[in-house]
Each structure stands twice: as structure tokens, then as C-alpha cells.
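Structural characterization, general
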Amino acid sequence: MGAVLAVVSQKGGVGKTTTAVNLAAAFARRGMKTLLIDVDPQGSVRYGSGLARGHETAGFADYLNGDRSLREIILPTALPWLRVILAGSVADASDHVGYAGMVRETNVLQELLYMAEQRCQVVVVDTPPGLGSITKKVLGAAEHVIVPLQCEPLALQTTPQILRMIQDIVSVNERLTLDGILLTMYEPNNPASDRVVDYVRRHLPANIVFDVVIPRSVATADAFAAGQPVVVRSPADAAAQAYVNLATILADRLV
Ligand SMILES: Nc1ncnc2c1ncn2[C@@H]1O[C@H](COP(=O)(O)OP(=O)(O)O)[C@@H](O)[C@H]1O
Ligand SMILES: [Mg+2]
């Protein structure tokens, strides 16, 4: 039996989807049977996951409302060990209220995660920003969670909120391990970025902040725009290598 690994953060734009997509690809490249599930109604995984172009974009929302079967929404990718369940048609809708309500009021998501972890070694789940009902459902069924934190000055002010969120996260489910806070979009030549890293390392317990830091890189943004994980498109890139290193650390904890 595998494990569910959720990628969660209070804010949007901090690198959640990039982290979910690249960790999933890095696990798959290690030969781990991996499923990446996007439950964020924004549906960003569809852009960065390396699906064959022109592929079907039905996904979790369409399974949730009964329009598609499970078999129809599990999509193959360019990597043999990686399959993806996209958010689906909700990503094209202007209103996500109905979707959120169905996630909240049914057990479809927990049952899907339970089935997935029976069949895969790792199930990576990309979530919407914040600790809303969709993310809480995911955390209720997850064993592992990673919290990306963008290296930007605002992180200094929001650290207490982040700690509070972590307490809330781990209280959702006693089987849940906080694997760590992941510093993302670090800019090596930017003193403001260094200040954030220093601050976070001084104010948060060492065992909850990963040593691995994800640098900001042009290759990462380009890969996303090209619809591929950077670990696949530019494996020599520093951010790609950081994601591969992170996957190595996590793979040991997952098995
Ligand atoms: N390490 C990185 N280097 C450069 N750009 C990045 C990096 N990580 C994320 N980005 C870019 O930042 C934006 C937000 O990232 P994303 O993963 O979509 O965040 P979230 O899912 O938290 O909203 C995207 O345009 C993405 O391409
Ligand atoms: Mg996202």
C-alpha cells in the first residue's frame, strides 16, 4: 500500500502546483508507481504535467458529478510510471461553489484517495490555497504533507500564521506527518531572499524546514509554460535537481 502526499499552503502562487508536478515526476522517474491528482478547481496541473498534447481534459470534477468513470479520468503521461487525474471541467467554469459543495458533502474524494493508495506507491495531491473544506478533506485522508513557502519578504510577517496553519493541519488527522516546509523560489543573489531563509531557519524548528531549498529558475517557469515538469525538460537545472533531491528524501520516508 502506498501513501497520500498532500501539497498545501495558505497562499496561492507559492509553488504548490510546481512542487506537486515535479515531485510526482521525480518519483515516477525513480520507478515509483505514482498518481498525481489535482483537486484545485483552478486546475493548473493540466498545464505543467507533461500530458500528451490534445489529450482529454476531463478529471476529478467530472468523476465527482458522475459524468465520467474512474477509468476515463486517469490519464497517461510521457512518463511510464506517472498517471494524472486533472481537476477537469470545473477548471473552465467561472463558479466553483457547486464543486466545493460536492467535495465537502460526499465521500467521493476520500474513497478515491483510498483506492489510489491501494494501487500506487505514492499519490501526490495538489490543493487549492488555504485550509478550506477541499484541502481539509484531502488532509483527512493523507499520511504526508508538504508546505511550500515562497522566499519573499511577506513570509516574515506571515510566519506566525504559517505555524498556526501547521498546527491546524496536523490536528486534522493523527496519521498525518508534516514532512516539512519547503522554501521555494529562492533567489541566490537577492539579499531579501536570504533574509527570508535566515528568518525562517531561526524562527521555525529545524526539523520542520527542509534543508533542500528550491531556487527560482527561468527553466522552471519555461517548463511550466511548455507543459512539462522541469525535472523532465531541464534535468540539469538547479531547481530540477533540488526537486529530485527532495524526492529522494521523501521516497525513503514513503516506503
Ligand atoms: N522555482 C521556480 N522558479 C521559477 N518560477 C517558478 C518556480 N516555482 C514556481 N514558479 C512559477 O510561479 C508561479 C506560481 O507557481 P505555482 O506552482 O502555480 O504556485 P501555486 O500552485 O502555489 O499557486 C507559476 O507561474 C510558476 O511557473
Ligand atoms: Mg496551484
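Refer to the preceding data block for the structure.
Nothing here was measured: the structure is a model prediction, and the numbers come from that model. Residue positions are given per chain, counting from 1 as you read along its sequence in written order. Whichever chain is written first becomes A and whichever ligand is written first becomes 1, with later ones labelled in order. Local features in this predicted model are restricted to residues of pLDDT 70 or higher, and side-chain atom pairs are both shown and tallied only at a pLDDT of 80 or more, whereas totals for entire chains, interfaces and linings draw on every residue. Excluding hydrogens and water, the side-chain figures rest on all heavy atoms present in the structure.

Attention now moves to the overall build of the protein chain. Here a strand is any run of E in DSSP of at least two residues, a helix any run of H or I of at least four, and the numbering for each starts at the N terminus. Counting secondary structure elements, the protein chain contains twelve helices and seven strands. In this description the radius of gyration comes from C-alpha coordinates, and the expected globular size is given by 2.2 Å times residues to the power 0.38. Taking 2.2 N^0.38 as the reference for a compact globule, 255 residues should give roughly 18 Å; the C-alpha atoms of the protein chain span a radius of gyration of 17 Å, in line with that estimate. Its C-alpha atoms put the protein chain at 50 × 40 × 40 Å along the principal axes. In the protein chain, buried positions account for 54% of the 255 residues. Burial classes follow relative accessibility: with a 1.4 Å probe on protein chains only, a residue under 20% of its type's maximum area counts as buried, one over 50% as exposed, and anything between as partly exposed.

A separate point is the site of ligand 1. Lining the immediate surroundings of ligand 1 are 14 residues, of which Gly13, Thr17, Thr18, Pro215 and Ser217 lie closest. In protein, a polar contact means a hydrogen-donor-capable atom and an acceptor-capable atom, both N or O and within 3.5 Å, with residues adjacent in sequence counting only if both atoms are side-chain atoms; elsewhere, any N or O pair within 3.5 Å suffices. Thr18 has a polar side-chain atom sitting 2.6 Å from an oxygen atom of ligand 1. Pro215 places a main-chain nitrogen or oxygen 2.9 Å from a nitrogen atom of ligand 1. For the area figures, the Shrake-Rupley method with a 1.4 Å probe applies, and any residue is considered shielded solely by the protein chains shown. When ligand 1 sits alone it has 550 Å² of accessible area, and the protein chains cover 80% of it. For the shell around ligand 1, the secondary-structure elements that each account for two or more residues are α1 (16–29) and α10 (218–225). It is α1 that provides the largest number of residues to the shell around ligand 1, a total of three residues. Partitioning the shell around ligand 1 into residue classes produces five nonpolar, seven polar and two charged. Here a residue counts as near a molecule or strand whenever at least one of its heavy atoms sits within 4 Å of it. Residues are sorted three ways: Asp, Glu, Lys and Arg are charged, Ala, Val, Leu, Ile, Met, Phe, Trp, Tyr, Cys and Pro are nonpolar, and all the rest, Gly among them, are polar.

As a further point, take the nonpolar core. What we call a nonpolar core is a set of buried Ala, Val, Leu, Ile, Met, Phe, Trp, Tyr and Cys residues that are connected through their side-chain atoms within 4.5 Å. Core analysis: the biggest nonpolar cluster contains 49 residues, and Val39, Phe60, Tyr99 and Val123 have the highest contact counts within it. The element that contributes the greatest number of residues to this core is helix α8 (residues 154–172), accounting for five residues. With residues up to four places along the chain from it excluded, the contact list for Phe60 reads Asp38, Val39, Ile73, Ile85, Leu86, Ala87, Gly88, Tyr99, Val103, Val108, Leu109 and Leu112. Counting residues in each nonpolar core, the second largest holds 40 residues, with Val45, Leu82, Val84 and Ala251 among its members. Every residue pair with non-hydrogen atoms within 4.5 Å of one another is taken to be in contact.

Turning our attention to the packing of α1 against helix α12 (residues 238–254). Where α1 contacts α12, the axes come no closer than 9 Å and their chain directions differ by 70 degrees. By the angle between their axes, α1 is roughly perpendicular relative to α12. As α1 packs across α12, the resulting crossing turns out to be right-handed. Counting all contacts with α1, which are made through Thr18, Thr19, Asn22, Leu23, Ala26 and Phe27, the residues of α12 involved are Tyr243, Val244, Leu246, Ala247, Leu250, Ala251 and Leu254. Looking at the contact of α1 with α12, its residues break down into ten nonpolar, three polar and no charged. Axis definition: a line fitted to C-alpha atoms, over the contacting stretch in the case of helices. Angles run 0 to 180 degrees between N-to-C directions. For this classification, under 35 degrees means roughly parallel, over 145 means roughly antiparallel, 65 to 115 means roughly perpendicular, and everything else is oblique. In this scheme the crossing of two helices becomes right-handed for a clockwise turn of the near helix relative to the far one and left-handed for an anticlockwise turn of less than a right angle.

Any functional reading would require information beyond the geometric quantities listed.
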